[in-house]
Amino acid sequence: MKLPQTLSSLEVGLFTILLVTGFSTHGQAEITSLDTGNIEDILNNAGVALVNFYADWCRFSQMLHPIFEEASNIVREEFPDVTQVVFARVDCDQHSDIAQRYRISKYPTLKLFRNGMMMKREYRGQRSVTAIADFIRQQKIDPIKEIHSLEEVNTVDRSKRNIIGYFDQKDSDNYHTFEKVANILRDDCVFLAAFGDVSHAERFSGDNVIYKPTGETVPDMVYLGSLNNFDLTYAWAQDKCVPLVREITFENGEELTEEGIPFLILFHVKEDTENLEKFQHEVARQLIGEKGSINFLHADCDKFRHPLLHIQKTPADCPVIAIDSFRHMYVFPDFRDIEIPGKLRQFVLDLHSGKLHREFHHGPDPTDSTPGQEAIAEVASNPPESSFQKLAPSENRYTLLRDRDEL
């Protein structure tokens, strides 16, 4: 490269250093290294933070480093305010306590944070500069659609969950709370807002937020708490936006599998909403206390033919209920029995106690034998292996930690 004639000797020296070190004059990557001393402050003050949890010895981590840095450069040019977007990293070997806190089970893991809160959906897209930069751009799009006429409320899509806020003005603490909640739950609900004169008819007792559930005839639900209290507002909205029984798809299967708790799944024909509603009702009635120990899911029979075949069922047998423990699959004997008080709950408790696994190998427990009947001899059997474990992260993209204690 030919240097301009007018460069001084000092400028020539600096120019040579840039060439030798490979730095561009565009600016260096601003990747913040997080540790126990700075992580709270940095994440809490960042509107959006993308954090790379890595290990130096992991080849996939090594491959991601330059891509992550270049994506950071591109995003920084578009969002120069360092409080808007932060690219950060955690060396999981050096800071195993942080890795454990955020349940890191593979390297590299890219987790998204908003105002210090970790989002449940991590980045699982392509590991390219363009894809990562586009992901951040999407995260910076305002999730709230402004309503310019109350008639627009009557045209909202009732197949989706809608939360609508009515505010005196946009620049207010109440709206900022609503905005923060909307950003966190943007993937789970549709958020709309009306201001000033447009919203006046709905603000008979001050700023107001309502939830419109799915279904044309289902009544609205009004938020009765303080909009100044983020924790209360978020808890209410999360309860409305994130259903107790979620749908599992091939797109979110990896995410759900990584939560690390067994699945209770209803396989049903997509159009069969009646039996889905029965399942949802019984889960809420019998199993609400088990929410943290098992995932309640429903799946399209046709799309998930393979797991059904695995348990010797076909779409013609649906609705079918099964547990996938990530070791084996267990079938609930008869869907019609879910309305028997406590029957579905006992099925889940039998998983936790080990009874399902034990009976698959040795036949029914002696206490379950019919009175007057001779004891059934132990019969070895092989319960079907887990099908949904196969939706876990690919070893071609991650270094998987077989034992979380490795951290």
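Residues numbered from 1 in each chain as written. Predicted model: local features only at pLDDT ≥ 70, side-chain atom pairs only at ≥ 80, totals over all residues. Heavy atoms only, no water.

Draft legend 1. Up close: the pairing of strand 15 (residues 320-324). Within strand 15, five of the five residues are buried, which leaves the element mostly enclosed by the surrounding structure. Neither face of strand 15 is exposed, since V320, A322 and D324 on one face and I321 and I323 on the opposite face are all buried. Relative to strand 15, strand 13 (residues 263-268) runs antiparallel, the two being bridged by five bridges. Counted as the bridge partner of F263 is D324 from strand 15. (Buried < 20%, exposed > 50% of the residue type's maximum accessible area, 1.4 Å probe, protein only. Helix = DSSP H or I, 4+ residues; strand = E, 2+ residues; numbered from the N terminus. Pairing = 2+ DSSP bridges.)

Draft legend 2. Broad picture of the sheet that holds strand 6 (residues 117-118). The five strands lie next to each other as 1-3-2-5-6, forming an open sheet whose pairing is mixed. Looking at the sheet topology across the chains shown, the edges are occupied by strand 1 (31-33) and strand 6. One ladder, built from seven bridges, connects strand 2 (residues 48-54) with strand 3 (residues 85-91); its direction is parallel. Bridge pairing in strand 3 links V51 to A88. Packed onto the sheet, helix 5 (residues 129-139) meets strand 2, strand 3 and strand 5 (109-114) and runs at close to 145° relative to strand 2. (Contact = heavy atoms within 4.5 Å. Axes fitted to C-alpha atoms, helices over the stretch in contact; angles between N-to-C directions.)

Draft legend 3. Geometry of the state of the cysteines. Overall, the coordinates contain two disulfides when judged by the stated rule. At a sulfur-sulfur separation of 1.7 Å, the disulfide partner of C301 is C318. Between C301 and C318 the disulfide shows an S-S torsion of about -100°. By sign, it is left-handed. Of this pair, C301 sits in the loop between strand 14 (295-300) and helix 11 (305-310) while C318 is found in the loop between helix 11 and strand 15, placing the two residues 17 residues apart along the sequence. Exposure class is identical for C301 and C318. Each is buried. Bonded cysteines in the protein are paired 1-2, 3-4 when counted in the order they occur along the chain. (Disulfide = S-S within 2.5 Å.)

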